[in-house]
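Descriptive analysis of the structure
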Amino acid sequence: MSHPPMSQQPPDQPNDPFAAPHQYGATAPDGATPQSAPLQAGPPQQAGAHQQARGPYGAPTGSAGSASSRNTAGRLALVFGLVCAGISTLAQLVWSFGPTSMYGTAFYDVFLIGYDIVVTITSLAACILGLIGLRRSNLPQRAAAIGLGLGLATFGPMVIYLFGRLVQSVFHLHY
């Protein structure tokens, strides 16, 4: 039994996505040249249709400045995380270098309550937005990860601090 030579393959069906590629030197059916009818996998494209570039595993890739490649939740998480870190740093400076006569005053109590509220809300927002930004796997995730990290670094100690103040107020513990 003899096999046909490789250059004499049967002609492929037109628009067959599983068709074998044309070989150099092979004649094309109906007098067409391989250069005039390239093979395409999948459905034929419309003329002038915008086709988005695809990265590995079929994920769309956008240009660095395009609106489709921005992770808004991740950027907001980064902003909230930086605001939270800035407020915490400012509060530490006030506590470290502020006059000791302000401790126990009404101003100090208002400062503590304001600090507690603002830092808790901004760190919680950074955590939530960071998690949302990390769930979007087809968008950049660095800002979301940094924002989540900054939010967690402040939210964890803030929860412990607020819990301690709650226990202290319930049991009237004063040191």
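Now for a description of the structure that goes with this document. (Residues numbered from 1 in each chain as written. Predicted model: local features only at pLDDT ≥ 70, side-chain atom pairs only at ≥ 80, totals over all residues. Heavy atoms only, no water.)

**Quick notes on the nonpolar core**
Cys84, Ala91, Trp95, Met102, Tyr108, Leu112, Tyr115, Val119 and Met158 form the largest nonpolar core, which has 9 residues in total. Broken down by secondary-structure element, the contributors of at least two residues to this core are helix H1 (72–97) and helix H2 (106–135). If one sorts the elements of this core by residue count, H2 sits on top with 4 residues. Once residues within four sequence positions are removed from consideration, Cys84 is found in contact with Val119, Thr122, Ser123 and Thr154. (Core = buried A, V, L, I, M, F, W, Y, C linked by side-chain atoms within 4.5 Å. Buried < 20%, exposed > 50% of the residue type's maximum accessible area, 1.4 Å probe, protein only. Helix = DSSP H or I, 4+ residues; strand = E, 2+ residues; numbered from the N terminus. Contact = heavy atoms within 4.5 Å.)

**Topic: the packing of aromatic side chains**
All chains considered together, the criterion is met by 3 aromatic pairs. Ring centres of Trp95 and Phe111 lie 6.1 Å apart, and the angle between their planes is 85 degrees; this geometry places the pair in the edge-to-face category. Pair noted here: Trp95 is in helix H1 and Phe111 is in helix H2, with a separation of 16 residues, a long-range link. What makes Phe111 partly exposed here is its relative accessible area of 24%. Each ring, one from Phe107 and one from Phe111, has its centre 6.4 Å from the other, and the planes form 25 degrees; the classification is stacked. (Phe/Tyr/Trp six-rings, centres within 6.5 Å; stacked < 30°, edge-to-face > 60°.)

**Observations concerning the packing of H2 against helix H3 (residues 142–170)**
When two helices pack together, their arrangement is given by the angle between the helix axes and by the axis-to-axis distance. Relative orientation of the contacting elements H2 and H3 amounts to 140 degrees, with a least axis distance of 7 Å. The orientation of H2 relative to H3 falls into the category oblique. Crossing geometry of H2 relative to H3 is assigned as left-handed. (Axes fitted to C-alpha atoms, helices over the stretch in contact; angles between N-to-C directions. Parallel < 35°, antiparallel > 145°, perpendicular 65-115°, else oblique. Left-handed = near helix turned anticlockwise from the far one by under 90°.)

**Structural notes on the packing of H1 against H3**
Two elements in contact, H1 and H3, have axes separated by 7 Å at closest approach and are oriented at 35 degrees. The chirality of how H1 crosses H3 is left-handed. Mapping the contact onto sequence places Gly74, Arg75, Ala77, Leu78, Gly81, Leu82, Cys84, Ala85 and Ser88 in H1 and Ala143, Ala144, Ile146, Gly147, Leu150 and Thr154 in H3. Residue classes in the contact of H1 with H3 are distributed as 9 nonpolar, 5 polar and 1 charged. (Nonpolar A, V, L, I, M, F, W, Y, C, P; charged D, E, K, R; others polar.)

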